[in-house]
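Residue-level listing of the chains:
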Amino acid sequence: MFEIDFAEFPSTSAAASGRFFERAFGWPVTPYGPDYTDVRADGLTLGFQSAAAEQTRAPLVTIRTDDLAAAREAVAAAGGVVTKEPFAFPGGRRFHFREPGGSELAMWSRT
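Here the structure is a predicted model, which means the values were calculated and not measured.

**Student:** Help me get a handle on the pairing of strand 7 (residues 92–98), residues and values and all.
**Tutor:** Counting buried residues along strand 7, five of its seven residues qualify, which places the element largely inside the surrounding structure. Relative to strand 7, strand 6 (residues 81–89) is paired through six bridges, and the arrangement is antiparallel. Each bridged residue has a counterpart across the sheet, and for Phe-89 the counterpart in strand 7 is Gly-92. Counting the residues between successive antiparallel strands, the hairpin from strand 6 to strand 7 contains two residues, one of them, Gly-91, with a positive phi of roughly 105 degrees. Relative to strand 8 (residues 104–110), strand 7 is paired through seven bridges, and the arrangement is antiparallel. Across the sheet, residue Arg-98 finds its bridge partner in strand 8, namely Glu-104. Connecting strand 7 to the next strand, strand 8, in antiparallel fashion are five residues, including Gly-102 with a positive phi near 110 degrees.

Conventions adopted
Residues numbered from 1 in each chain as written. Predicted model: local features only at pLDDT ≥ 70, side-chain atom pairs only at ≥ 80, totals over all residues. Heavy atoms only, no water. Buried < 20%, exposed > 50% of the residue type's maximum accessible area, 1.4 Å probe, protein only. Helix = DSSP H or I, 4+ residues; strand = E, 2+ residues; numbered from the N terminus. Pairing = 2+ DSSP bridges.

Below, the structure is given as structure tokens:
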């Protein structure tokens, strides 16, 4: 199973980004410290990263899977390049990869 359910954006202020979406649309916000905030939209969660060292250059689309190891193998077998090996984060584990056209995405699973 593969499902796009998350998109992460670089932000100059994760808290301000979260407050905006909460005020504008009433979407619930979950802060994970001063540099990261999740905003739960209907069917999609938006993440806002303000730690410069952790930001991607562009929005990062994230795909959920039930089997992270098998997904990593499938990405590599299809010609993708893993740019960040699997790591833990609040709620699960994920890895980042670049598809042959150059876009970076992430794959995650719950722990």
